[in-house]
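Remarks on the overall topology
Here's the letter readout for the chains.
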Amino acid sequence: AVDKTYQDIQSVKTRMMGVTGSLNQLKVAVATALPTHGDTKGAQINLAFVRQELAKAKDAVFKFKELVKAAAEEGAAGGGGMNRRAMGKDDKSRTLYERFGGDLNLEAAVELLFGKAVMDSRVRSYFEINARKLQTIRQRMFQFLSGFLGGPKLYDATNIKPSHYHMNITDFHFDSFIDLLSIATKEVGVHADACKDFLTALGKVRKDITTGCTVRMELAQKNMEKGKDGLFKRLDGESGIKAIMDRFFDVVVADNRIRGFFRGKNHDTIKEGARVYLTEAFGGPKIYKGRDLAEIHSALGVSDYEFDCFLLNMERGLTGLGFDDETVDEVIVCLEPIRPALLGRARGLAAHAKLVDGRTIIDRMGGESVIEGITETMFAGLILDARVRSYFEISKEKAMPMRTQFTAVAVGGFGGPTTVGEKVVRKAHYGFNITDYHFDAVVENFYCACELMDVEPDVIADATDILWMVRNDVTAGCTVRLEVARKKSESAGTDNLFVSLGKEDGIGKLVVDMFNLLKEDPRVMHFFGGAKITTLVPKVREYLALLFGGAVNYTGRPLDRIHSTMAITDYEFDCFVGALRQGMRGLGLDTQSTDECIVLLEVLRPEVLGKQRSHNIKKAMQAISAKTIYERLGGQQGVTEMAEAMYTTAGTDPRVQSFFERNKARATSMKKRISAFMCGTFGGVSTYDREDLRPAHYEANITDYHFDAFLENFWVAAELME
């Protein structure tokens, strides 16, 4: 009975959203037409649109009334009431689309979202468009989410990136939008777990939406670092900036959204003050002696919405004067840091830390010593996580400063003393190819480390929110390099890479050098122990020559078939890419061309890795608390050497010799499997599924006598390794 009542309430609530959506459109139409900030004349209301929407709302209310009446009569007669999927329980075996409540809940959530977005100062400027265009965007959002959540595919997701590429959407805007979507899904009645999984999945779209802005702003910032005077000159100096301000104010006074700020004021005085300030900001003479920006704007009530309007008007003014896109981007980069001062907003990570009963996140965690413990546990877990292991498998001398810096960032972000700022974080990570995939893996390890340290769930959630804010600083370098390389490859093709690498001869040398490195690399050498390198080189050379733009015919097998039984992880793939990158440096290939090659190689990762077994982060961390046999043996390298020694001794033991008489290829495969099995058994990360053990040996006539002999040989091998 309780479930039944809940179903009915949720059904009524959801259908009310449809009515609310129609009324919201009317509210927005009227609100955007009203005068603001002293402006006595608003925009003209579209009466035809209002009448049309009123008619729709009236019809929706009538249908809703009839629906409720019919349901009440059915309930009184002992019927089932409104037949609707219960949202009180969350079945994680179903798709997110089903857990969300299907098209009805999704449509209601999107309707609510847009109603909030057009009124929220953080993102309002992106949604303040004519009603027809807004309805089109709303429909596309619903269509995209339908397929994204596992429902009917109504939209081509490959259009997401190009659709947003030329919009200045930052992580701040994306996070604000996600915040509004979170509120909308809760109001629709989506289960809390389904809502959380939905928003987590949606985070994967972040890069497609923000990359365009990130790349443009970063390239502009790099130009600025060469000296602002270059921008000042490209703007035609003081006379050019005066012309820009004249055009800008012409646009502003015609903009209903912000012209109220200037009504009744002396435009010439404001314009002159702005000109002097921006002359200095754009790299000109330091001549501004006016009041602080925060003081000037403190009583005006400027929000993100008005500041976004200011930036858009500046962009329009510059474009109208004929300035190129790069110059416009540099101007926006110069102006963006002004936002916190105008809005009276604190800067830095700590400004976002949540206070609960007057206590900061660091206080609620238990102090700085707890954060140090979390950092230690997290870094121990990262070394075992194949997704990011290659970044953290470094010497103790290098690892210690890295841990210290992470702790300092966390302490400052969680409300303690700030000793490391975002600029330092960005600079430290800029040269690494750290993607969102890697960043998410690190945050997952942080989350599990917090759980193992018994930090309260709500505190972990708040701390994780702070870490998300350094995502762009950590991944910016990789994002820019790979995006520039991708666009260059798309526009100019890849045949230039083939030439830069020295055509077939150069690529042949690259492949030989790469294999020489891999054979000596203890992390991956076991893949090549019994392989005939001389046979592999020609096939790999053909494949890479074709990949890098050569007119070459590849005669080998498909990559997925070649690697299907090798259980290669991200870690080993990263080692391969690292060896190839090192080989490219040996050829004297420039950095940009190397990045272009890496972009093309990354496309191969899914084919080479195949289906990956999930990594249990918490289990891996728990195993670290006590030193495992795997560690005492010296990790993967030690276990591999032991497997090799055991195989050698067993091969000369007449009791079991017949089981180990194999050709080189089969012997190498057996050694690899023994090593993988031992790694997992002794507490390391294994690529061998123990469920395969019985079927693999079922047909062999192995008795207890043979097994005991095998153990004796294992003992001998262990003694040989001391």
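In this text, all values refer to a predicted model and were calculated from it rather than measured experimentally.

Summing up its helical and strand segments, the chain has 39 helices and zero strands in all. Residue burial in the chain is summarised as follows: out of 722 residues, 44% are buried. Considering only residue pairs separated by 6 or more positions, the chain has 77% of its internal contacts joining residues 24 or more positions apart. When the accessible surface of the chain is split by element, carbon and sulfur atoms take 55% of a total near 37900 Å².

Interhelical geometry of helix α6 (residues 131-148) versus helix α9 (residues 192-202) gives an angle of 105° and a closest axis separation of 12 Å. The orientation of α6 relative to α9 falls into the category roughly perpendicular. Seen from α6, the contacting residues are Phe144, Leu145 and Phe148; seen from α9, they are Phe198, Ala201 and Leu202. Residues that form the contact of α6 with α9 fall into these classes: six nonpolar, no polar and no charged.

Attention now moves to helix α19 (residues 368-382). The end-to-end C-alpha separation of α19 is 21 Å, in line with the 21 Å expected for 15 residues at 1.5 Å each. Among the residues making up α19, those that are buried are Val370, Ile371, Gly373, Ile374, Thr375, Met378, Phe379, Ala380, Gly381 and Leu382.

What follows deals with the packing of aromatic side chains. Throughout the structure, instances matching the rule amount to 19 aromatic pairs. Ring centres of Phe100 and Phe198 lie 5.1 Å apart, and the angle between their planes is 75°; on these two criteria the pair is classed as edge-to-face. Placement of Phe100 in helix α3 (residues 96-100) and of Phe198 in helix α9 is noted, with a sequence separation of 98 residues between them. What makes Phe100 buried here is its relative accessible area of 2%.

Should the charged atoms of two oppositely charged side chains come close, the side chains can pair. Here the structure, examined in full by the defined rule, presents 43 salt bridges. Salt-bridge contacts for Asp440 lead to Arg471; the nearest nitrogen and oxygen are separated by 2.8 Å. Of this pair, Asp440 sits in helix α23 (residues 436-452) while Arg471 is found in helix α25 (residues 471-492), placing the two residues 31 residues apart along the sequence. Overlapping salt bridges bring together Arg124, Glu128, Asp255 and Arg257 as one network.

What follows is about the side chain of His706. Tracing the backbone through its elements, the reader meets His706 in helix α39 (residues 704-720). Among the residues examined, His706 registers a relative accessible area of 18% and is labelled buried. Contacts of His706, omitting those with residues within four sequence positions, involve Arg655, Val656, Phe659 and Asn701.

Attention now goes to helix α37 (residues 664-681). Between its first and last C-alpha atoms α37 spans 25 Å; for 18 residues at 1.5 Å apiece the expected length is 26 Å, and the two agree. Among all positions in α37, only Ala667, Thr668, Ile674, Ser675, Ala676, Met678 and Cys679 are buried. Tucked inside the fold, the buried residues of α37 contact α34 (629-632), α35 (635-650) and α39. Among the residues trailing α37, Gly683 stands out with phi positive, at a value near 105°.

Rules used throughout
Residues numbered from 1 in each chain as written. Predicted model: local features only at pLDDT ≥ 70, side-chain atom pairs only at ≥ 80, totals over all residues. Heavy atoms only, no water. Helix = DSSP H or I, 4+ residues; strand = E, 2+ residues; numbered from the N terminus. Buried < 20%, exposed > 50% of the residue type's maximum accessible area, 1.4 Å probe, protein only. Contact = heavy atoms within 4.5 Å. Areas by Shrake-Rupley, 256 points an atom, 1.4 Å probe, with all protein chains shown as cover. Axes fitted to C-alpha atoms, helices over the stretch in contact; angles between N-to-C directions. Parallel < 35°, antiparallel > 145°, perpendicular 65-115°, else oblique. Nonpolar A, V, L, I, M, F, W, Y, C, P; charged D, E, K, R; others polar. Expected span 1.5 Å × (residues − 1). Phe/Tyr/Trp six-rings, centres within 6.5 Å; stacked < 30°, edge-to-face > 60°. Salt bridge = Lys/Arg side-chain N within 4 Å of Asp/Glu carboxyl O.

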